[in-house]
Amino acid sequence: MSRLAPSSPLAALRPGAATAFGAPAIAMGATFLAFGAAVREGGLGLPWALGAALLIYGMPGQLILLQFAGAGAAGGVAPAVLGAAAANARFLPMAVALTPWLGNRASRWLALPFIAITPWAAAMRALPGLPQPARLPWFLGFALVSWSIAGLATAVGHWLAPLLDPALMAALLFANPLYFALLLAAGLGQPASRRAVLAGVLAAPVALLLPPAWGLLAAGLLGGTAAFLLGLRHARR
Amino acid sequence: MPAADLALLLMALAMLALRGAGMLVAGALRPEHPFILWATAVSQAVLAVFVTLAVLAPSGAVATVPLPARLAGLLAGLLAYAVLRGRLLPALGAGLLALAGVRALLGG
């Protein structure tokens with residue numbers, strides 16, 4: 001088998017793809033496996049499971065939509081979609097934060113369907129240390145592997161659903177927040193990240209006072225804005 | 001079209017719109033622009049809220065795991081991450097093992 005030339009487009013994807021095979025793959029695979037099983041338990045088929053996993057590609061929104069669809073689609077499509085979209089509304093600030101790192105060429109729009117927590121968090125960690133031409137290929141390499149793993153794990157979970165006991169499902173679902181906690185811990189050395197993470201933890205109770213679909217974004221807006229303003233004040237001193 | 005499929009289609013379009021709007025807004029800005037820094041802080045805070053709620057006040061299947069087991073999983077993962085100098089995969093494994101171990105001990 002011939003090796004890819006270092007300058008080929010596929011070779012440029014390799015560093016990001018290699019990073020995605022590891023802890024991100026385990027966390028992503030575990031969570032989407034549990035999602036696939038939950039979809040089957042909700043009485044829905046594999047095409048719906050794959051559509052939700054790959055086209056929504058954001059777990060809180062997927063789960064809210066599954067609650068609606070798995071319950072016989074009662075209560076109206078519009079409120080269900082609105083609630084699920086609100087639960088994934090973090091994609092907006094994440095896309096804003098990520099886009100400047102992807103360069104100015106039109107090809108950066110290739111990243112559009114892959115902006116989600118896992119690729120975003122990994123990219124925000126890796127991209128600042130890379131030269132500009134390597135950033136978009138790194139993100140696409142990482143994102144394509146993560147997205148493929150999400151789809152594959154969803155299909156496997158849908159297939160394995162009758163064999164998974166509730167304790168295992170719970171452990172699989174916990175892999176995702178644990179992975180994110182480790183990523184956040186990795187950024188704690190930077191003052192801006194430290195402020196944002198601490199403010200987010202402190203603002204979390206606010207989410208419990210609001211409807212679940214809105215609570216996450218509202219608490220994040222509160223905590224993130226407070227952290228940003230604190231950072232501005234600190235910089236002016 | 002069945003309501004479940006229609007909801008999925010509309011949701012997929014809404015997700016593209018959210019991501020696209022973010023890319024459009026940020027397209028002309030540099031990473032150090034205050035708006036980008038604000039959006040980064042909000043995104044990190046959202047992630048921190050997500051993790052905090054998943055550990056302290058989860059819903060769904062994770063809520064069946066006793067709180068001490070969830071806390072043990074988080075602390076073991078973070079401790080392993082620090083001791084192993086930032087190696088994500090063993091830290092993730094250590095956290096999940098601790099969660100399963102404490103859950104088994106508690107009989108939960």
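Structure report, in brief. The residue numbers shown here count from 1 along each chain, following its written sequence. Here chains are named by letter from A upward and ligands by number from 1 upward, in the order in which they appear as written. Local features are withheld for residues below a pLDDT of 70 in this predicted model, meaning they are given only at 70 or higher, and side-chain atom pairs are given and counted only at 80 or more; totals for whole chains, interfaces and linings count all residues. To obtain the side-chain values, all non-hydrogen atoms of the structure were included, while hydrogens and water were left out.

Topic: the overall build of chain A
Quick reminder of the rule: The way it works is that DSSP assigns letters per residue, a run of H or I at least four long becomes a helix, a run of E at least two long becomes a strand, and they are numbered from the N terminus. With a 1.4 Å probe rolled over the protein chains alone, any residue whose accessible area is under 20% of its type maximum counts as buried; one over 50% counts as exposed, and the rest are partly exposed. Any two residues whose heavy atoms approach within 4.5 Å at even a single point are treated as in contact.
Looking only at helices and strands, chain A has eleven helices and zero strands in total. For chain A, the sequential pattern of α-helices and β-strands runs α-α-α-α-α-α-α-α-α-α-α. The burial tally for chain A puts 56% of its 237 residues in the buried class. In chain A, once contacts between residues fewer than 6 apart in sequence are set aside, the share between residues at least 24 apart is 70%.

With respect to empty space enclosed by the protein
All names here are of chain A. Cut-off, in case you're wondering: The way it works is a 1 Å grid over only the protein atoms, where trapped points that fit a 1.4 Å probe form a cavity and open points with protein on both sides within 12 Å along at least five of seven lines form a pocket, and then any residue with an atom within 4 Å of a point lines it. Grid points are joined across faces, edges and corners, and a volume is the space filled by probe spheres set on the points. In this classification, the charged set is Asp, Glu, Lys and Arg, the nonpolar set is Ala, Val, Leu, Ile, Met, Phe, Trp, Tyr, Cys and Pro, and all remaining amino acids, among them Gly, are polar.
In total, this model carries one cavity of 30 Å³ or more according to the counting rule given. Approximately 130 Å³ is the volume found for the largest cavity. Lining the largest cavity are 15 residues, and of these Gly58, Met59, Ile117, Asn176 and Phe180 lie nearest its centre. Residue assignment for the lining of the largest cavity shows that the elements contributing at least two residues are α2 (23-41), α4 (59-70), α7 (117-126) and α9 (166-186). For the lining of the largest cavity, the residue count by class is nine nonpolar, five polar and one charged.

Re helix α6 (residues 91-98) of chain A
Among the eight residues that make up α6(A), seven are buried, leaving the element largely enclosed by the rest of the structure. Those residues of α6(A) that sit buried are Phe91(A), Pro93(A), Met94(A), Ala95(A), Val96(A), Ala97(A) and Leu98(A). Residues of α6(A) that are buried sit in contact with α3 (46-56), α7 and α8 (132-160) of chain A together with α1 (3-26) and α2 (34-56) of chain B.

Here we look at the layout of surface pockets
Empty space within the largest pocket amounts to approximately 1000 Å³. Considering the residues around the largest pocket, the lining is formed by 33 residues, among which Pro60(A), Leu63(A), Pro58(B), Ser59(B) and Gly60(B) are closest to the centre. Looking at the lining of the largest pocket, the elements with two or more residues in it are α2, α4, α9, α10 (191-209) and α11 (212-236) of chain A together with α2 of chain B. For the lining of the largest pocket, the element with the highest residue contribution is α4(A), accounting for seven residues. Class assignment for the residues of the lining of the largest pocket results in 26 nonpolar, seven polar and no charged. Estimated volume of the second largest pocket: approximately 740 Å³. As for the second largest pocket, its lining consists of 32 residues, of which Gln190(A), Ala192(A), Ser193(A), Thr40(B) and Gln44(B) are closest to the centre. Those elements that place two or more of their residues in the lining of the second largest pocket are α7, α9, α10 and α11 of chain A together with α2 of chain B.

Quick word on unusual backbone geometry
Unusually for a residue other than glycine, Tyr57(A) sits at a positive phi of about 55°. Mapping Tyr57(A) onto the fold places it in the loop between α3 and α4. Even without being glycine, Arg85(B) reaches a positive phi, approximately 55°. For Arg85(B), the position within the fold is in the loop between α3 (67-83) and α4 (88-106). Taking relative accessible area as the criterion, Arg85(B) reaches 78% and is therefore assigned exposed.

Here's the deal with the packing of helix α1 (residues 9-20) of chain A against α8(A)
Residue and element names in this part refer to chain A. Basically, it comes down to this: Lines fitted to C-alpha atoms define the axes, with helix axes restricted to the stretch in contact, and inter-axis angles between N-to-C directions lie between 0 and 180 degrees. When describing relative orientation, an angle under 35 degrees is termed roughly parallel and one over 145 degrees roughly antiparallel, while 65 to 115 degrees is termed roughly perpendicular and anything else oblique. It is the rotation of the near helix from the far one that decides the hand of a crossing: anticlockwise by less than a right angle makes it left-handed, clockwise makes it right-handed.
Packing of α1 against α8 brings their axes to within 6 Å, and their N-to-C directions diverge by 45°. The angle between α1 and α8 falls in the class oblique. The handedness of the crossing between α1 and α8 comes out as right-handed. Taken together, the residues of α8 that come into contact with α1 (itself represented by Ala12, Leu13, Pro15, Gly16, Ala17, Thr19 and Ala20) are Pro137, Trp138, Leu140, Gly141, Phe142, Leu144, Val145 and Ser146. Here the contact of α1 with α8 is composed, by residue class, of eleven nonpolar, four polar and no charged.

A few points about the interface of chain A and chain B
A common way to express how large an interface is: the accessible area buried when the components associate. Just so we agree on the cut-off: What counts as buried area is the accessible surface, traced by a 1.4 Å probe, that two parts surrender upon association, with contributions from both included. One speaks of a salt bridge when a side-chain nitrogen belonging to Lys or Arg is within 4 Å of a carboxyl oxygen belonging to Asp or Glu.
At the junction of the two partners, chain A supplies 81 residues and chain B supplies 66 residues. Around 6200 Å² of area is buried between chain A and chain B when both sides are counted, 84% of it from carbon and sulfur atoms. Ranking the residues of chain A by area buried against chain B places Val96(A), Phe174(A) and Leu182(A) at the top, with a combined share of 11%. Remark: the boundary between chain A and chain B carries zero salt bridges.

Topic: the side chain of Gln62(A)
Residue and element names in this part refer to chain A. Quick note on the threshold: Identification of polar contacts relies on pairs of N or O atoms within 3.5 Å, with a donor-acceptor requirement for protein atoms, meaning one able to donate a hydrogen and the other able to accept it, and with residues adjacent in sequence counted only if both atoms are side-chain atoms.
Inspection of the secondary structure assignment puts Gln62 in helix α4. In terms of polar contacts, Gln62 uses its side chain to reach the backbone amide nitrogen of Gly58, at 3.0 Å. Discounting chain neighbours no more than four positions away, the residues touching Gln62 are Phe32, Phe35, Ala52, Ala53, Ile56 and Tyr57.

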